[in-house]
Amino acid sequence: MPLTTPDEESLKQVITEFTTLFEAWLNDAGAGPYAGRILMTILLSDTPLTQKDIANRLGTSVSTVSRNIKLITDSPPLIMKTKIPNTKEWQYEKRSNTPVVLLSGMILSFTSMLRNNVTPMTNALQRMGNLSEEFLTRPDTKRFQNTLENLLSATKIMLDELDSLLVSFQAQTTEG
């Protein structure tokens, strides 16, 4: 068994941790448990890979790769799919803009989640105005109202910041 250096072990741990995080993120986004592993396998490869290559590297079946790879080659397309001439096989490789697409997608996903919560939070705050004056002056009601106002305010600030971040990020990555 070949010995590995502490640096090689550390790198292996970082890759494993990053792959696990990607797997969880894509799974939470509805892509399924293998999409993150497949994506990282392709991103870390210096050469295009067939579904069989990916399955061998992951220790899984070609059918598992086949079911899951469509999720990362469709919208938004993270991986480029190319037909191998004179065969029935396809090769998969990273796109040059995959990091931009992934990070932009993360920002947009989080922004969308926040936007979906602004309206219900605003509606709840407006309903507070329907309460009686006596009820509105109670310390627990005031505390709840202040908390809700602060959450709403912070959410709106965060949305503005995320919008600016996305524009800035996309501008910086398309200049080079």
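Residues numbered from 1 in each chain as written. Predicted model: local features only at pLDDT ≥ 70, side-chain atom pairs only at ≥ 80, totals over all residues. Heavy atoms only, no water.

1. Let's talk about the overall build of the chain
Then, number 1: When its secondary structure is counted, the chain shows seven helices and two strands.
Then, number 2: Starting at the N terminus, the α and β elements of the chain follow one another as α-α-α-α-β-β-α-α-α.
Then, number 3: When burial is assessed residue by residue, the chain has 28% of its 176 residues classed as buried.
Then, number 4: Considering only contacts in the chain between residues 6 or more positions apart, those separated by 24 or more positions represent 52%.
Then, number 5: Of the roughly 11,800 Å² of accessible surface on the chain, a fraction of 57% belongs to carbon and sulfur atoms. (Helix = DSSP H or I, 4+ residues; strand = E, 2+ residues; numbered from the N terminus. Buried < 20%, exposed > 50% of the residue type's maximum accessible area, 1.4 Å probe, protein only. Contact = heavy atoms within 4.5 Å. Areas by Shrake-Rupley, 256 points an atom, 1.4 Å probe, with all protein chains shown as cover.)

2. Re the pairing of strand 2 (residues 90-94)
Then, number 1: In this structure, strand 1 (residues 79-83) lies alongside strand 2, joined through five bridges in antiparallel fashion. Within the sheet, the bridge partner assigned to Thr 82 lies in strand 2 and is Gln 91.
Then, number 2: Counting the residues between successive antiparallel strands, the hairpin from strand 1 to strand 2 contains six residues, one of them, Asn 86, with a positive phi of roughly 60°. (Pairing = 2+ DSSP bridges.)

3. Some words on the packing of aromatic side chains
Then, number 1: Scanning the entire structure with this criterion turns up zero aromatic pairs.
Then, number 2: Directly above the aromatic system of Trp 90 lies the positively charged group of Lys 83, at a separation of 5.9 Å from the ring centroid. (Phe/Tyr/Trp six-rings, centres within 6.5 Å; stacked < 30°, edge-to-face > 60°. Lys NZ or Arg CZ within 6 Å of the ring centre and 35° of its normal.)

4. What about the environment of Pro 33?
Then, number 1: Structurally, Pro 33 is set in the loop between helix 1 (6-28) and helix 2 (35-43).
Then, number 2: The class of Pro 33 is partly exposed, set by a relative accessible area of 43%.
Then, number 3: Taking C-alpha positions, Pro 33 is 9.8 Å from Phe 22, a pair spaced 11 residues apart along the chain.

5. Remarks on helix 1
Then, number 1: With 23 residues, helix 1 should cover 33 Å at 1.5 Å per step; its first-to-last C-alpha distance of 33 Å lies within 8% of that length.
Then, number 2: Restricting attention to buried positions, one finds in helix 1 the residues Thr 19, Phe 22, Glu 23 and Leu 26.
Then, number 3: One or two steps after helix 1, the chain reaches Gly 30, where phi turns positive at roughly 95°. (Expected span 1.5 Å × (residues − 1).)

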